[in-house]
Amino acid sequence: GRAGELAQLLGLWVRAEAGESAVAFVQGEPGIGKSRLVRELRRQVPRASLIECRCTPEGQCSPLHPIVDWLRGLPEAIDQLLQRHGFDLAETLPLLLNLLAIPLDEHAPGLRLSPERQKELTLAAVVALIVRMAKARPLVFVLEDLHWADPTTLEMANALVEEVRAAQV
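For every chain, the first residue of its written sequence is number 1, and the numbers climb from 1 along that sequence. The predicted nature of this model means local features are confined to residues of pLDDT at least 70 and side-chain atom pairs, given and counted, to a pLDDT of 80 or more, with totals for whole chains, interfaces and linings taken over all residues. Processing note: side-chain calculations cover all non-hydrogen atoms of the structure and skip hydrogens and water entirely.

**Comments concerning the layout of surface pockets**
Only protein atoms enter the 1 Å grid, on which a cavity is a set of points fitting a 1.4 Å probe that cannot get out and a pocket is an open set with protein on both sides within 12 Å along at least 5 of 7 lines, lining residues being those with an atom within 4 Å of a point. Grid points are joined across faces, edges and corners, and a volume is the space filled by probe spheres set on the points. There is about 1300 Å³ of room inside the largest pocket. In this structure, the largest pocket is lined by 44 residues; those nearest its centre are Ala24, Phe25, Phe141, Val142 and Leu143. Helix and strand definitions follow DSSP, with helices as H or I runs of at least four residues and strands as E runs of at least two, each counted in order from the N terminus. Of all elements in the fold, only helix 1 (3-17), helix 2 (34-44), helix 6 (115-136), strand 2 (140-144) and helix 7 (151-167) reach the threshold of two or more residues within the lining of the largest pocket. Top contributing element to the lining of the largest pocket by residue count: helix 7, with six residues. The residue makeup of the lining of the largest pocket, split by class, is 28 nonpolar, ten polar and six charged. Along the wall of the second largest pocket there are 18 residues; nearest its centre are Arg47, Leu50, Trp70, Leu74 and Pro75. Of all the secondary-structure elements, those providing two or more residues to the lining of the second largest pocket are strand 1 (50-54), helix 3 (65-72), helix 4 (78-84) and helix 6. Per-element accounting of the lining of the second largest pocket gives the leading share, three residues, to strand 1. Each residue is assigned to one of three groups, with Ala, Val, Leu, Ile, Met, Phe, Trp, Tyr, Cys and Pro labelled nonpolar, Asp, Glu, Lys and Arg labelled charged, and all others, Gly among them, labelled polar. Of the residues contributing to the lining of the second largest pocket, the split by class is ten nonpolar, two polar and six charged.

**Some details on the packing of aromatic side chains**
Stacked, edge-to-face and tilted are the three classes for Phe, Tyr and Trp ring pairs, Trp counted by its six-membered ring, which pair at centre distances within 6.5 Å; planes under 30 degrees apart are stacked, over 60 edge-to-face, the rest tilted. With the rule as written, the count across this model stands at zero aromatic pairs. Working rule: Lys NZ or Arg CZ, within 6 Å of ring centre, within 35 degrees of ring normal, means a charge sits over the ring. Above the ring of Phe87, the side-chain terminus of Arg132 is found at 4.0 Å from the ring centroid.

**Some thoughts on the environment of Pro138**
Note that Pro138 resides in the loop between helix 6 and strand 2. Here the term buried applies to any residue with accessible area under 20% of the maximum for its type, exposed to any over 50%, and partly exposed to those in between, with areas from a 1.4 Å probe on protein chains only. Look at Pro138 and you get partly exposed, because its relative accessible area is 28%. Along the sequence, Pro138 and Pro75 sit 63 residues apart, while their C-alpha atoms lie 19 Å from each other.

**Re the state of the cysteines**
Any two cysteine sulfur atoms within 2.5 Å of one another count as a disulfide. Applying the stated rule across the entire model yields zero disulfides. As a non-bridged cysteine, Cys53 has Cys55 as the owner of its nearest cysteine sulfur, 8.0 Å distant. Among the residues examined, Cys55 registers a relative accessible area of 1% and is labelled buried.

**What about the packing of helix 5 (residues 89-99) against helix 6?**
Helix 6 packs onto helix 5 with a crossing angle of 100° between their chain directions and a minimal axis gap of 10 Å. For the element pair helix 5 / helix 6, the angle class is roughly perpendicular. The segment helix 5 lies against helix 6, with Thr92, Leu95, Leu96, Asn98 and Leu99 engaging Gln118, Leu121, Thr122, Ala125 and Val126. Across the contact of helix 5 with helix 6, the residue classes tally to six nonpolar, four polar and no charged. Lines fitted to C-alpha atoms define the axes here, with helix axes fitted over just the stretch in contact, and angles between the N-to-C directions of these axes take values from 0 to 180 degrees. Orientation is classified from the angle alone, with under 35 degrees giving roughly parallel, over 145 giving roughly antiparallel, 65 to 115 giving roughly perpendicular, and any other angle giving oblique. Here, residues are in contact when the closest pair of their heavy atoms is within 4.5 Å.

Laid out in structure tokens, this is it:
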């Protein structure tokens, strides 16, 4: 019963494939088929073009929990992903390794930042990574169950929406 909504999302996907930016929010009461709609979209979008993140009740107290889960599930090493998308590893890799609770190499300089600055740079790095991935090829980024998101994930989602609109991706 969600053919119209699915058609709208697929229309946004076609726009993304054509190089236009698009943002959609799917909201509604529990049980009306939001997850089913995403499942149907997933079936019609190439797997390599889909990033799925899910907020959970257990992750509400863990900053960027859905992003951490996504990054941990990637098939390639984080340093390779960053390199492939043109990041300066010396600047960005320590931020994401810290987010993933992976110890830095003994030869790598540690993060000497205030907690506020580290959070700001980490959010910027995550948003920049998603945007650069979307510039490389059309991308669907799904952040499900936002009502369970921690405050930092909400901040990242807002920053991502603004960046996507400004970057025309």
